[in-house]
Amino acid sequence: MQVLTFVLSGLMAAFAAVVMVARLNTASGLIGNGWEFDAVTAVVIGGTSLLGGRGSVIKSMQGAILITMIINAMVLLNIPSPTSTWPRP
Amino acid sequence: MAKALIIVAAVYIDIRTRRSRVKRAGVRAALGEQKILLIILGIVAVLAFVRPMFVSSENLFNILFQVSITSIIGIGMTFLMIGADFDLSVGSNMVFATTVAILLEGLGGGLNLAAAVLAATLAGFVNGVLVAKLKINSFITTLSMMFFLRGLVLIFTNKKTISGSEHALFDFGYGSLFGVVPYPVVAAAVLLVVFRPGAARTVLGATCTPWAATRRPPGCSARRGRPEDLLLLADRLPVRPLRHRAAVPPELRLRHLRDGHRPGRHLRGPAGRGEPVGREGSVFKAFLGILLLGVLSNAMIALHVTPICSRSSRGCC
């Protein structure tokens, strides 16, 4: 079962890659840095315990929306770039 | 008669008070459950006032597009973190799959996408085998996989940015359903809908999410957050070897849980034989690890190994 969860994670990374290819159609060793931490942050904000045992996919999505909205809002509020990166881990 | 009326009135008032109290508690619990949504709505309300452009459809769909990729990755991460693991290689895995898809574009017929999906799933499978079968910590395994895949991407792309030219995919990436909702957002929503019941109804979900699941596993208490629930959960987590279950006295398991250890995997036996997270460590051994990496790096330079291969092989180590 534990292997299955890792396989699922790989599968989801592949689906994300399909979306990425469809949008950017570009690959480089430099892109994708820090995406894993964005995902971990979104999942933790969504209430999933770091010790395991509980979690919800929908709440993880809400966490992702929250982070993205905060970053988007900082851009719109003309907050300087170094300051606006703090919501990201 | 008057006394009876007074008693009936008192009982009625008591029932009403209790009902309203239960209702209020229910509303409070519901609000507590949806606090992230409330924060999001609060931010939207404030920004709609301060920067009206924020609530324009272009900006909202731009946010949703950015969220779609993180959400798709987050689905896999949620399942992993429910089992107290995590995957640091998802970002590199995604870039690796992207590279495979673009490099094999000439195959046509969607074969490149199938190969990309297969490659990323295979990387996930290798991670899983290393963690579950060889008992290597998920942090170490996935960190290594992250560097390994990034090294592979650098090798495949020859340190350059490569581009594809598949128009069908562009149509998917930039198109929108009914001219309103971008397809990437639709794809993320479909995956969320597919995998949300998965958290509640599959074996994985039923064993891992007694609090989030709509159907609690039999035997779990109705109250939330009690150590007993966690104990039951520990018994049901699939990652825990069955042979140790009988060997652990319940009071020891409860103590482990109260001490904050992660349920399931680390409750393997009586004190001394188990290996809970965070209990072991040595500054000297950490230094030895750093020394090993330094020696490896130096050896690779001495052997004229290219930096890309060096990075990739350090991921393997």
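Just so we're clear, the structure is a prediction, and the values are computed from it rather than from any experiment.

Basis of the calculations
- Residues numbered from 1 in each chain as written.
- Chains lettered and ligands numbered in written order.
- Predicted model: local features only at pLDDT ≥ 70, side-chain atom pairs only at ≥ 80, totals over all residues.
- Helix = DSSP H or I, 4+ residues; strand = E, 2+ residues; numbered from the N terminus.
- Buried ≥ 20, exposed ≤ 12 C-beta atoms within 10 Å, placed from the backbone.
- Contact = placed C-beta atoms within 7 Å.
- Nonpolar A, V, L, I, M, F, W, Y, C, P; charged D, E, K, R; others polar.
- Pairing = 2+ DSSP bridges.
- pLDDT = per-residue confidence, 0-100.
- Core = buried A, V, L, I, M, F, W, Y, C linked by C-beta atoms within 7 Å.
- Axes fitted to C-alpha atoms, helices over the stretch in contact; angles between N-to-C directions.
- Parallel < 35°, antiparallel > 145°, perpendicular 65-115°, else oblique.
- Left-handed = near helix turned anticlockwise from the far one by under 90°.

**Regarding the overall build of chain B**
Okay, step 1: Counting its regular elements, chain B contains 13 helices and three strands.
Okay, step 2: Taken over 317 residues, chain B has a buried fraction of 32%.
Okay, step 3: Considering only contacts within chain B whose residues lie at least 6 apart along the sequence, 50% involve residues at least 24 apart.

**A closer look at the overall build of chain A**
Okay, step 1: Scanning chain A from terminus to terminus reveals four helices and one strand.
Okay, step 2: Reading chain A from its N end, one meets helices and strands in the order α-β-α-α-α.
Okay, step 3: Counting only residues that meet the buried cut, chain A has 57% of its 89 residues in that class.
Okay, step 4: Expressed as a percentage of contacts within chain A between residues at least 6 apart in sequence, the contacts between residues at least 24 apart total 21%.

**Brief notes about the environment of Lys59(A)**
Okay, step 1: Note on placement: Lys59(A) falls in helix 3 (residues 57–76).
Okay, step 2: Residue classification places Lys59(A) among the buried positions, given that 23 C-beta atoms sit within 10 Å.
Okay, step 3: For the pair Lys59(A) and Ala42(A), spaced 17 residues apart in sequence, the C-alpha separation works out to 8.6 Å.
Okay, step 4: The contact partners of Lys59(A), leaving out residues within four places of it in the chain, are Gly46(A), Gly47(A) and Ile36(B).

**Some words on the interface of chain A and chain B**
Okay, step 1: Of the residues lining the interface, 64 residues belong to chain A; the matching set on chain B comes to 90 residues.
Okay, step 2: Those elements that provide at least two residues to the side of chain A that touches chain B are helix 1 (2–24), strand 1 (26–27), helix 2 (35–45) and helix 3 of chain A.
Okay, step 3: When residues of the side of chain A that touches chain B are assigned to their parent elements, the largest contribution, 21 residues, is made by helix 1 of chain A.
Okay, step 4: Considered class by class, the residues forming the side of chain A that touches chain B number 37 nonpolar, 22 polar and five charged.
Okay, step 5: Across two bridges, strand 1 of chain A lies against strand 1 (residues 162–163) of chain B in antiparallel orientation. Of the residues in strand 1 of chain B, the one forming a bridge with Thr26(A) is Ser163(B).

**A few points about the confidence of the model for chain B**
Atomic detail in the predicted coordinates should be set aside for any region of low pLDDT.
Residues and elements named next belong to chain B.
Okay, step 1: Per-residue confidence for chain B gives a mean pLDDT of 69; residues scoring 70 or more make up 59%.
Okay, step 2: Averaged pLDDT values for the elements of chain B fall to 40 in helix 10 (residues 227–236) and rise to 90 in helix 5 (residues 111–132).
Okay, step 3: Across residues 205–279, where pLDDT falls below 50, the model places 108 contacts with residues more than four positions away in sequence or in other chains.
Okay, step 4: Scoring the predicted complex yields pTM 0.64 and, for the interface, ipTM 0.79.

**Side note on the nonpolar core**
Okay, step 1: Counting 71 residues, the largest nonpolar core has Ala16(A), Ala17(A), Ile73(B), Ala97(B), Ala116(B) and Ala120(B) as its most contacted members.
Okay, step 2: Contributions of two or more residues to this core are made by helix 1, helix 2 and helix 3 of chain A together with helix 3 (57–82), helix 4 (90–103), helix 5, helix 6 (138–157) and helix 8 (183–201) of chain B.
Okay, step 3: No other element matches helix 1 of chain A, which puts 15 residues into this core.
Okay, step 4: Excluding residues that lie within four positions of it along the chain, Ala120(B) makes contacts with Gly10(A), Leu11(A), Ala13(A), Ala14(A), Ala17(A), Asn93(B), Phe96(B) and Ala97(B).

**What to know about the environment of Val7(A)**
Okay, step 1: Note that Val7(A) resides in helix 1.
Okay, step 2: The contacts of Val7(A), once residues within four sequence positions are left out, are Thr121(B), Gly124(B), Phe125(B) and Gly128(B).

**Quick word on the confidence of the model for chain A**
Okay, step 1: On average, residues of chain A score 79 in pLDDT, and 87% of them reach the 70 mark or higher.
Okay, step 2: Per-residue pLDDT, averaged within each element of chain A, yields its smallest value for helix 4 (residues 81–84) of chain A (66) and its largest for helix 1 of chain A (87).

**Points about the packing of helix 1 of chain A against helix 4 of chain B**
Okay, step 1: With their axes 8 Å apart at the nearest point, helix 1 of chain A and helix 4 of chain B run at an angle of 55° to one another. Regarding the angle of helix 1 of chain A to helix 4 of chain B, the classification is oblique. Seen from above, helix 1 of chain A lies across helix 4 of chain B with right-handed handedness. Two secondary-structure elements touch here, helix 1 of chain A through Ser9(A), Gly10(A), Ala13(A), Ala14(A), Ala16(A), Ala17(A), Met20(A) and Val21(A) and helix 4 of chain B through Val90(B), Asn93(B), Met94(B), Ala97(B), Thr98(B), Ala101(B) and Ile102(B).
Okay, step 2: When grouped by side-chain class, the residues that make up the contact of helix 1 of chain A with helix 4 of chain B number 11 nonpolar, four polar and no charged.

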